Amino acid sequence: MKRSFDRLCQSLLITSVRLKNRITMAPLFTGYANQDGTVSDLMLKHYHEVAAGGAAMIVVANASVDPRGTLASHNLRVDHDRFIHGLSRLARTIKSVGAVAVLQINHGGRFARSEDQIAPSVVSMSSISYGGFYKSALKSLNFQQQMEVLSETLQHRSQRCREMTRKDIRQTHQAYATAAARAQTAGFNMVEIHGATGYLPVQFLSSRTNRRTDGYGGDLANRMRFALELVQAVRQKVGDKFPVGYRFLTDEWLPNGFHLEEAQEFARHLANRNIAYLSITAGTYESFFNPDIIMKTQQPAYMADLARKIKKVVTVPVICTGKILSPSIAENILRKKQADLIGLARPLFTDPQWPTKAFNGKQESILKCQDCQICMQMVLADRPVICSQWDKIKLVKRKMHIKSMNRQQNKILLVMDGSDNAALGAAYAGKILAHRKNVSITLLHIQTDDAPTSVREINRMMDVTRSLLINAGLPADAIEIEVRKKTIGIARDILTAITEGRYGTVVIGRRGLSRAQQFLFGSVSHKVVQNAKNCTVWVVD
Ligand SMILES: Cc1cc2nc3c(=O)[nH]c(=O)nc-3n(C[C@H](O)[C@H](O)[C@H](O)COP(=O)(O)O)c2cc1C
């Protein structure tokens, strides 16, 4: 039977940005970014597919504002200007099919994978109960995957954070603000501050994780201060007109945790600070795996009532997410005024055509998320996310794409040793790569003590090569410079750089060694050709 979804079709103005209907993609971390945090082709493909399915607004999940706050090995990053180039392509891709592009920005705090892990207070996670779900989730993984998950978890539990100083707090505010400005420069229509799932802003809000005795801890007014100053810092950088949304935690669902009444108070403060919307969530990594919470989150539209309770106290648009599997459930939420917008994370990941099918009376053919938790397991195992409901062809294609992502042909390492052949290599690379899309080039010099090159000479060599590549048509922000000190041997150091940076192509000049020298010492380029794995090596003679 064909049903029309009047409310779902209605457009909505969020500050100055018009949404063509009420369906938004809630952020869903995929692990599809390149390992260096840049936007990959797979990300472009994934977000294009979802945006083309008819949702009005797409929130790109979880871009890290600070290397200290990064959560996963394939985490999107926005902590440096060099990421703007790829992010611009991503924003353009989403907008090209008529959707509004939003970048979610995040700092993981005590959940981050970092040598210098910072948090409001040092609080161990040893009290977490993972309960039955965690065990049953592990059952479906193979042994190696289980070990990966467990060791990660144990690592998280045992990791000791450093309590943030006032300086850390100021720097982190600035990191969020600068990241938001980069998103704006890249062409995103809005940014969304990730204030949920137990990440840094929540760690300050909750009295369980915030034990500070200074002006950032204690009563709610003090615990809200980090987040409110953060919003202000972002606002100062992006200006009054640029919409800033907030991923909002309504309840930690933990004994003595941050709870609804506190959330309502916090929501009022955010709304007074010109927040564009509040996107509702509940629970954190410390409560998600509790069996009672799992039961709760298996109910359809399990966060609708929480959305209503927040909507009651603010006038800004509220997005309701959480197992909204069918257009009828979504329409009902809007009719009952529980929320202004619908957020779909897993439902759109399973079937990006959800909105188009709903609007064309084909809701019966929507492929439904079965709550199998494979996607969440993949996130926990730090692996790129897939959906068990996709048809075989999509699944195979996606897996192939993920595999090839690890071989990034467009990520190029140019070894610079000051020789004529290295310069020639750069000139060839410039000519060949100028018309390739999305290339990134690193100019690498290994500094040796036996033949020291002065910093001035290195800089000059790098500047000349950089200009040569830019003149050949490569974008300036696609070129990076790296100088490493020789450790074991030049060839070994180059091979280490190749592995660490996951380069797909290496360009190296053959040094003018005599045959006798080559025989005695072996040439660096020869060793690189012999030993480089998973990449193509161009040797320039
Ligand atoms: C695999 C996975 C990744 C997620 N990643 C994020 C994220 O990066 N940022 C965020 O705010 N929420 C994230 N979420 C939470 C979702 O946005 C959403 O709130 C939750 O999945 C419930 O909505 P759904 O039933 O529509 O999926 C993630 C959820 C899943 C399952």
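Up top is the structure.
Scoring rules and cut-offs
- Counting starts from 1 at the beginning of each chain's written sequence and moves along it residue by residue.
- Local features in a predicted model are, by the rule used here, given only for residues with pLDDT of at least 70; side-chain atom pairs are given and counted only at 80 or more, and totals for whole chains, interfaces and linings are based on all residues.
- As a rule here, side-chain values cover all heavy atoms of the structure and leave hydrogens and water aside.
- Nearness is judged by heavy atoms alone; a residue qualifies as near a molecule or strand once a single heavy atom is within 4 Å of it.
- In the analysis that follows, any N or O atom pair within 3.5 Å is treated as a polar contact, provided that within protein one partner can donate a hydrogen and the other can accept it, and provided that, for residues neighboring in sequence, both atoms belong to side chains.
- To measure how exposed things are, a 1.4 Å probe is used in the Shrake-Rupley method; for residues, cover is taken only from the protein chains shown.
- Strands are runs of DSSP state E lasting at least 2 residues, helices are runs of H or I lasting at least 4, and numbering of each runs from the N terminus.
- Three residue categories are used. Nonpolar comprises Ala, Val, Leu, Ile, Met, Phe, Trp, Tyr, Cys and Pro, charged comprises Asp, Glu, Lys and Arg, and polar comprises the others, including Gly.
- Expected span, for any helix, means 1.5 Å times one less than how many residues it has.
- Throughout this description, buried means an accessible area under 20% of the type-specific maximum (1.4 Å probe, protein chains only), exposed means over 50%, and partly exposed covers the range between.
- Within this analysis, the arc is defined by the directions that extend from the helix axis to the C-beta atoms.
- Residues enter a nonpolar core if they are buried and are Ala, Val, Leu, Ile, Met, Phe, Trp, Tyr or Cys, with the set joined through side-chain atoms within 4.5 Å.
- Here a residue-residue contact requires only that any non-hydrogen atoms of the pair lie within 4.5 Å.
- Only strands that DSSP links by at least two bridges are regarded as paired with each other.
- To obtain each axis, a line is fitted to C-alpha atoms, and for helices this fit is confined to the stretch in contact; angles are then taken between N-to-C directions over 0 to 180 degrees.
- When a carboxyl oxygen of Asp or Glu lies within 4 Å of a side-chain nitrogen of Lys or Arg, that pair is called a salt bridge.
- If the strands point away from the viewer and the path from the first strand over the helix to the second runs clockwise, then the crossover is right-handed.
- Pairs were defined over the aromatic rings of Phe, Tyr and Trp, the Trp ring being its six-membered one, requiring ring centres within 6.5 Å. Orientation was assigned from the angle between planes: stacked under 30 degrees, edge-to-face over 60, tilted for the rest.
- Two thresholds decide whether a charge sits over a ring: the Lys NZ or Arg CZ must be within 6 Å of the ring centre and within 35 degrees of the ring normal.

1. A closer look at the site of the ligand
Item 1. Taken together, the neighbourhood of the ligand is formed by 20 residues, with Pro27, Gln104, Arg247, Lys323 and Arg346 sitting nearest.
Item 2. Backbone polar atom of Phe29 to a nitrogen atom of the ligand: 2.9 Å apart, as the coordinates give it.
Item 3. At 2.7 Å, a backbone N or O of Lys323 approaches an oxygen atom of the ligand.
Item 4. Isolated, the ligand exposes 600 Å² of accessible area, and the fraction of that covered by the protein chains is 91%.
Item 5. With three residues, helix 15 (residues 374-380) is the single largest residue contributor to the shell around the ligand.
Item 6. Along the lines of polarity and charge, the residues of the shell around the ligand split into twelve nonpolar, five polar and three charged.

2. Observations concerning helix 18 (residues 455-471)
Item 1. If you check helix 18, its first and last C-alpha atoms are 24 Å apart, about what 17 residues at 1.5 Å a residue would give, namely 24 Å.
Item 2. Buried within helix 18 are the following residues: Ile458, Met461, Met462, Thr465 and Leu469. Along the axis of helix 18, the buried positions cluster into a sector of 95°, meaning they face one direction only. Turned more than 90 degrees away from the buried face of helix 18 sit Arg456, Arg460 and Asn471, all of them exposed.
Item 3. Immediately beyond the C-terminal end of helix 18, within one or two residues, lies Gly473, with a positive phi of roughly 110°.

3. Looking at the nonpolar core
Item 1. Core analysis: the largest hydrophobic core is formed by 111 residues, its most contacted members being Leu103, Phe188, Tyr246, Phe248, Phe266 and Leu278.
Item 2. Considering each element in turn, this core owes the most residues, nine residues, to helix 8 (residues 220-238).
Item 3. Among all residues touching Phe266, those that are not within four sequence positions of it are Leu205, Met224, Ala227, Leu228, Tyr246, Phe248 and Phe258.

4. What to know about the sheet that holds strand 5 (residues 100-106)
Item 1. Strand order in the closed barrel formed by eight strands is 3-4-5-8-9-10-11-12, and the pairing between neighbours is parallel. Between one strand axis and the next, the sheet turns by 30° as a mean value, whatever way the strands run.
Item 2. Of the strand pairs in this sheet, strand 5 and strand 8 (residues 190-195) are connected by four bridges, and their pairing is parallel. In the sheet register, Leu103 faces strand 8, and the bridge partner there is Val191.
Item 3. Contacting strand 4 (57-64) and strand 5, helix 3 (residues 84-96) runs over the sheet at an angle of about 140° to strand 5.

5. As for the side chain of Thr172
Item 1. Structurally, Thr172 is set in helix 6 (residues 166-186).
Item 2. Judged by relative accessible area, Thr172 falls into the buried class, the value being 0%.
Item 3. With sequence-adjacent residues up to four places away left out, Thr172 is seen in contact with Arg68, His107, Ile118, Met164, Leu200 and Phe226.

6. Focus on the pattern of salt bridges
Item 1. If you walk through the whole model with that rule in mind, you get 28 salt bridges.
Item 2. Salt-bridge contacts for Asp371 lead to Lys323; the nearest nitrogen and oxygen are separated by 3.3 Å. Note that Asp371 is positioned in the loop between helix 14 (354-359) and helix 15 and Lys323 in the loop between strand 11 (318-320) and helix 12 (327-335), a separation of 48 residues in sequence.
Item 3. Given a relative accessible area of 15%, Asp371 falls into the buried group.
Item 4. The partner of Lys357 in a salt bridge is Asp351, and the shortest N-O contact between them spans 2.7 Å.
Item 5. For Asp351, a relative accessible area of 6% gives the class buried.
Item 6. Beyond isolated ion pairs, a larger network of salt bridges with shared partners links Asp66, Arg68, Asp116, Arg162 and Asp168.

7. Some remarks on the pairing of strand 9 (residues 244-249)
Item 1. Burial of strand 9 is extensive: six of the six residues sit out of reach of the surface.
Item 2. On strand 9, burial covers both faces: Val244, Tyr246 and Phe248 on one face and Gly245, Arg247 and Leu249 on the other are all buried.
Item 3. Summarising the sheet, strand 8 and strand 9 pair through five bridges and their orientation is parallel. The partner of Glu192 across the bridge, within strand 9, is Gly245.
Item 4. Note: strand 9 against strand 10 (residues 278-281), four bridges, orientation parallel. Its bridge partner being in strand 10, Tyr246 is matched across the sheet by Leu278.
Item 5. Crossover handedness for the path strand 9 to helix 9 (residues 260-272) to strand 10: right-handed.

8. Here's the deal with the packing of aromatic side chains
Item 1. Using the criterion set out here, one finds ten aromatic pairs in the structure.
Item 2. With a centroid separation of 6.3 Å and an interplanar angle of 70°, the aromatic rings of Phe204 and Tyr216 are classed as edge-to-face. Of the two residues, Phe204 is situated in helix 7 (residues 200-205) and Tyr216 in the loop between helix 7 and helix 8; the sequence distance between them amounts to twelve residues. An identical accessibility class is assigned to Phe204 and Tyr216; each is buried.
Item 3. One Lys or Arg, Arg225, reaches over the ring of Tyr216 and ends 4.1 Å from the middle of that ring.
Item 4. Positioned above the aromatic ring of Tyr503, the side-chain terminus of Lys411 is 4.6 Å from the ring centre.

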